[in-house]
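Coordinate inspection notes
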Number of protein chains: 2
Amino acid sequence: MKTKVKRVPKRGHYDKETIYRILDNSYYCHVGFIHENYPVVIPTAYGRLNDYIFIHGSSASRMMKNLQTGLEVCVTITKMTGFVMAKSMFHHSMNYESVVLFGRAEWVQGKDEKLLALKAFSDGIVPGRWNEARPPNDKELKGTMVLKLKIEEASAKIRDEGVKDDAIDAALDIWTGVIPIHEQFGEPILANDLKISDSVMQLMKA
Amino acid sequence: MKTKVKRVPKRGHYDKETIYRILDNSYYCHVGFIHENYPVVIPTAYGRLNDYIFIHGSSASRMMKNLQTGLEVCVTITKMTGFVMAKSMFHHSMNYESVVLFGRAEWVQGKDEKLLALKAFSDGIVPGRWNEARPPNDKELKGTMVLKLKIEEASAKIRDEGVKDDAIDAALDIWTGVIPIHEQFGEPILANDLKISDSVMQLMKA
């Protein structure tokens with residue numbers, strides 16, 4: 001089994017609920033695959049629908065062409081959530097949540113499944129946007145390659161704790177604590193003066 | 001050459017200045033390597049000093065033990081900087097900056113070099129913290145494995161643009177724009193009531 005969390009096993013999670021929650025809480029991943037005997041890691045956006053995650057790209061993309069042959073991939077999703085500042089450098093740490101998926105990507109070819117996948121992809125990033133924008137036409141669909149990866153061999157790892165210090169350092173006069181990290185959306189940079197759409201309003205509020 | 005940006009070549013950058021700026025603007029990476037013939041991608045923190053990046057981990061960590069044998073690695077650093085919302089779904093995009101490094105990690109063994117590396121690592125995440133906290137003692141140093149990767153085969157990719165839409169969609173009444181994404185630090189969760197240290201104050205202001 002590839003996905004056992006070896007170090008600090010209490011941080012490992014293998015239940016669907018935890019894994020899907022982390023997947024739904026992010027929108028981009030790092031895809032690892034082997035190309036000409038060396039490892040390659042590429043960032044890309046994803047969306048989840050049921051037991052699959054979807055990625056997409058141009059039909060001309062090297063990564064997509066590589067992956068659609070059914071290469072083994074490792075897809076990792078990470079969110080850093082805090083800096084843990086201790087009295088000793090040694091006990092400094094980070095809070096985070098991550099998911100590692102292993103498997104082989106499958107090529108989504110049928111038009112209907114492709115549209116469903118792209119909608120899931122879009123909904124995962126900006127919920128509701130799919131229903132506002134012009135949907136892809138046949139030419140655009142043809143130029144877009146969609147791949148899916150079944151969420152089968154997966155593990156999550158979470159650190160969400162406070163500061164641990166050694167008793168021996170207790171008396172040191174050094175501030176300790178956790179600094180939370182958030183992703184925040186700034187004021188939209190408008191490309192036109194139309195009314196801001198509902199999906200964007202929702203996103204800004206979230 | 002592994003690092004040529006094939007798709008949208010105008011987004012590729014190979015100059016030191018751009019690559020180091022992106023590296024210094026982030027603090028965690030995704031490390032890809034080949035383990036038993038399959039790809040593995042693991043998130044971890046890093047720091048840069050001169051022409052090297054440093055990662056560290058427990059001497060018992062599977063990844064560290066794998067990498068110190070001189071395995072080929074691909075280290076990718078990504079920062080998402082904006083959602084690009086167009087009139088057509090097809091032209092939706094993301095702004096981001098990323099760096100991809102290839103090479104073989106080297107084991108940092110000498111005590112002095114290890115301390116320098118750990119300081120660089122720490123300074124890359126929370127500048128100044130190294131001088132506030134208790135430095136690692138010999139036992140802690142022994143339990144920490146440090147690896148360095150020379151920044152040699154590297155490329156950066158940046159999208160930092162507005163919305164591109166097709167002329168045919170111009171009349172559609174759909175809001176478009178770019179939503180900037182920022183990483184923000186929240187109010188520290190205090191572990192004690194000591195005075196907040198300078199490094200933390202600086203971080204909160206940045």
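For the structure itself, consult the block above.
What comes next concerns the included structure. (Residues numbered from 1 in each chain as written. Chains lettered and ligands numbered in written order. Predicted model: local features only at pLDDT ≥ 70, side-chain atom pairs only at ≥ 80, totals over all residues. Heavy atoms only, no water.)

1. Some details on the relation of the copies chain A and chain B
Overlaying chain A with chain B gives an RMSD of 0.0 Å, the required rotation being 180° about an axis along which the chain moves by 0.0 Å. Look at the turn and shift together and you get a two-fold axis relating the two. Of every C-alpha in chain A, the one belonging to glutamate 183 of chain A sits nearest the axis of rotation, 2.3 Å from it. Here 100% of the interface residues in chain A have copies in chain B that are interface residues too; the copies meet face to matching face. (Least-squares fit on C-alpha atoms with pLDDT ≥ 70 in both. Contact = heavy atoms within 4.5 Å.)

2. Focus: the sheet that holds strand 5 (residues 52–58) of chain B
All names here are of chain B. Across the sheet, which stays open at both edges, the 4 strands sit in the order 4-5-9-8 with antiparallel pairing between neighbours. Two strands bound the open sheet, and with one partner strand each, they are strand 4 (47–49) and strand 8 (106–108). Between one strand axis and the next, the sheet turns through 35° on average, direction left out of account. Sheet topology places strand 5 next to strand 9 (residues 144–150); 7 bridges connect them, and they run antiparallel. Opposite serine 58, over in strand 9, you have threonine 144 as the bridge partner. (Pairing = 2+ DSSP bridges. Helix = DSSP H or I, 4+ residues; strand = E, 2+ residues; numbered from the N terminus. Axes fitted to C-alpha atoms, helices over the stretch in contact; angles between N-to-C directions.)

3. With respect to the sheet that holds strand 4 (residues 47–49) of chain A
Paired through their backbone hydrogen bonds, the strands of a sheet run either parallel or antiparallel. Residue and element names in this part refer to chain A. Strand order across the open sheet formed by 4 strands is 4-5-9-8, with antiparallel pairing between neighbours. If you trace the sheet from one side to the other, it starts and ends with strand 4 and strand 8 (106–108), each paired once. When strand polarity is set aside, the average angle formed by the axes of neighbouring strands in this sheet is 35°.

4. So, the pattern of salt bridges
For the structure shown, the criterion picks out 21 salt bridges over all chains. Ionic pairing is found between aspartate 169 of chain A and arginine 134 of chain B, a salt bridge with its closest N-O pair at 2.7 Å. Separated into two different chains, aspartate 169 of chain A in the loop between strand 10 (153–159) and strand 11 (177–185) and arginine 134 of chain B in the loop between helix 3 (111–125) and helix 4 (138–143) make up a pair that spans both. Relative accessible area serves as the criterion here: at 3%, aspartate 169 of chain A is assigned to the buried category. With relative accessibility at 17%, the residue arginine 134 of chain B sits in the buried group. Lysine 111 of chain B is the salt-bridge partner of aspartate 138 of chain B, the closest N and O atoms lying 3.0 Å from each other. You can see aspartate 138 of chain B sitting in helix 4 and its partner lysine 111 of chain B sitting in helix 3, a full 27 residues away along the chain. By relative accessible area, lysine 111 of chain B is classed as partly exposed at 44%. Because the salt bridges share partners, they merge into one network encompassing Arg134 and Glu140 of chain A together with Asp169 of chain B. (Salt bridge = Lys/Arg side-chain N within 4 Å of Asp/Glu carboxyl O. Buried < 20%, exposed > 50% of the residue type's maximum accessible area, 1.4 Å probe, protein only.)

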